[in-house]
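Coordinates in review
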Amino acid sequence: MADPRLSRRPDAGSRINVSFEFFPPKTDEMEERLWETVTRLEPLGPRYVSVTYGAGGSTRERTARTVGRILRETSLAPAAHLTCVDATRAEADAVIRDFAAMGVTRFVALRGDPAAGVGAAYRPHPDGYTNGAELTAAIRRIGDFDVSVSAYPEKHPESADFATDIDMLKRKVDAGATRAITQFFFDNDLYERYVERVRRAGVYIPIVPGILPIHNFRQVAGFAGRCGAHVPAWVAERFAGLENDPQTHALVAAAVAAEQVLDLVERGVEEFHFYTMNRADLAFAICHLIGVRPQAAAAA
């Protein structure tokens, strides 16, 4: 008798699209690790890969170099991140045009975290774009680009309520957003309820789950607390006592991430965005489990 579970069907991987996020390296050692990650993940045929962009353009040159190298040396389609932080409209428009001249056709448009860090008060530049909706509109005015925006299954920590938060998402859609990528989350019920909310509000673009494999539980838990992402008690319990046992921690991280993704596949999710932290192993293992395999091997 055939197993009815989608995640166990031999053709499951053919229905699933993935994308990966990288950040520009700061050192030669970090650059070497990034390109090892790119080389490992490229054969999986991601829809695109995104490259992050620091507050106020603090990583602008590194982002441009990384995007340029991806364009020159790989078959991957890079999406350049952009933020509104500490930039005038003219400066932001110039960056968009610079990336377009390189051959970039995809962007990730974000308001961005305050230059002082997550949790600090956000103050828009007096001559700049104030939010992701305005930045999305600017990108689409310059060209017919694919634009991804952010979404928050547990609402943005600065939003007063879900209605306010979803209204901002609607504004991004009206400005021309192609899809929304969520903040990372660990409770799939929260994601499912969020999707139901935005659909009732008339938002029909794809809401792509952002998946964060837990390479360091203590760091992830601290960051989650600052950005309003809930870490369920059962997740914390899985990592309890592993602070000084990196090998077991890595095995548990793979199991926890795979469990989350496989459950989402069973709920009908067919697109995932992985926050790789410039590490390939966990993302590669999860893709293998859901049937996304290196294309040459799949063809064979």
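In case you missed it, the structure is sitting above this.
Residues numbered from 1 in each chain as written. Predicted model: local features only at pLDDT ≥ 70, side-chain atom pairs only at ≥ 80, totals over all residues. Heavy atoms only, no water.

**With respect to the overall build of the protein**
Per the secondary structure count, the protein includes eleven helices and nine strands. What you see for the protein is a C-alpha radius of gyration of 19 Å, in line with the 19 Å of a compact globule of 300 residues. Along the first, second and third principal axes, the C-alpha atoms of the protein reach 60 × 45 × 40 Å. Each of the 300 residues in the protein was classed as buried or not, and the buried ones make up 49%. When the accessible surface of the protein is split by element, carbon and sulfur atoms take 50% of a total near 14,400 Å². With 35 positive and 39 negative side-chain charges, the protein shows a separation of 2 Å between the mean positions of the two kinds. (Helix = DSSP H or I, 4+ residues; strand = E, 2+ residues; numbered from the N terminus. Rg over C-alpha atoms; globule rule 2.2 N^0.38 Å. Buried < 20%, exposed > 50% of the residue type's maximum accessible area, 1.4 Å probe, protein only. Areas by Shrake-Rupley, 256 points an atom, 1.4 Å probe, with all protein chains shown as cover. Lys, Arg positive; Asp, Glu negative; His and termini not counted. Charge placed at Lys NZ, Arg CZ, Asp CG, Glu CD.)

**Notes on the environment of Val-265**
Along the polypeptide, Val-265 turns up in helix α9 (residues 246-266). For the pair Val-265 and Asn-17, spaced 248 residues apart in the sequence, the C-alpha separation amounts to 11 Å. Not counting chain neighbours up to four residues away, the residues in contact with Val-265 comprise Leu-6, Ser-7, Ile-16, Phe-272 and Ile-290. (Contact = heavy atoms within 4.5 Å.)

**A word on the packing of helix α2 (residues 60-73) against helix α3 (residues 89-102)**
Closest axis-to-axis distance for the α2/α3 pair is 10 Å, and the angle between their directions is 20 degrees. By the angle between their directions, the pair α2 and α3 is classed as roughly parallel. Between α2 and α3 the crossing geometry is right-handed. Across the interface between the two elements, Arg-60, Thr-63, Ala-64, Val-67, Gly-68 and Leu-71 from α2 touch Val-95, Asp-98, Phe-99 and Met-102 from α3. Considered class by class, the residues forming the contact of α2 with α3 number six nonpolar, two polar and two charged. (Axes fitted to C-alpha atoms, helices over the stretch in contact; angles between N-to-C directions. Parallel < 35°, antiparallel > 145°, perpendicular 65-115°, else oblique. Left-handed = near helix turned anticlockwise from the far one by under 90°. Nonpolar A, V, L, I, M, F, W, Y, C, P; charged D, E, K, R; others polar.)

**As for the pattern of salt bridges**
In the structure shown here, the tally under the stated rule is 14 salt bridges. The salt bridge involving Arg-179 is made with Asp-146; its shortest N-O contact spans 2.7 Å. With Arg-179 in strand β6 (residues 179-182) and Asp-146 in strand β5 (residues 146-151), this pair connects stretches of sequence that are 33 residues apart. Assigned by exposure class, Arg-179 and Asp-146 land together as buried. Of the charged contacts in the structure, one is a salt bridge between Arg-267 and Glu-192, with a shortest N-O distance of 2.9 Å. Residue Arg-267 is located in the loop between α9 and β9 (271-275), and its partner Glu-192 is located in helix α6 (residues 188-200); the two are separated by 75 residues in the primary sequence. Residue classification places Arg-267 among the partly exposed residues on the basis of a relative accessible area of 31%. On the accessibility criterion, Glu-192 (32% relative accessible area) is partly exposed. Among the ionic contacts, a cluster of salt bridges with common partners joins Arg-47, Arg-106, Asp-146, Arg-179 and Glu-271. (Salt bridge = Lys/Arg side-chain N within 4 Å of Asp/Glu carboxyl O.)

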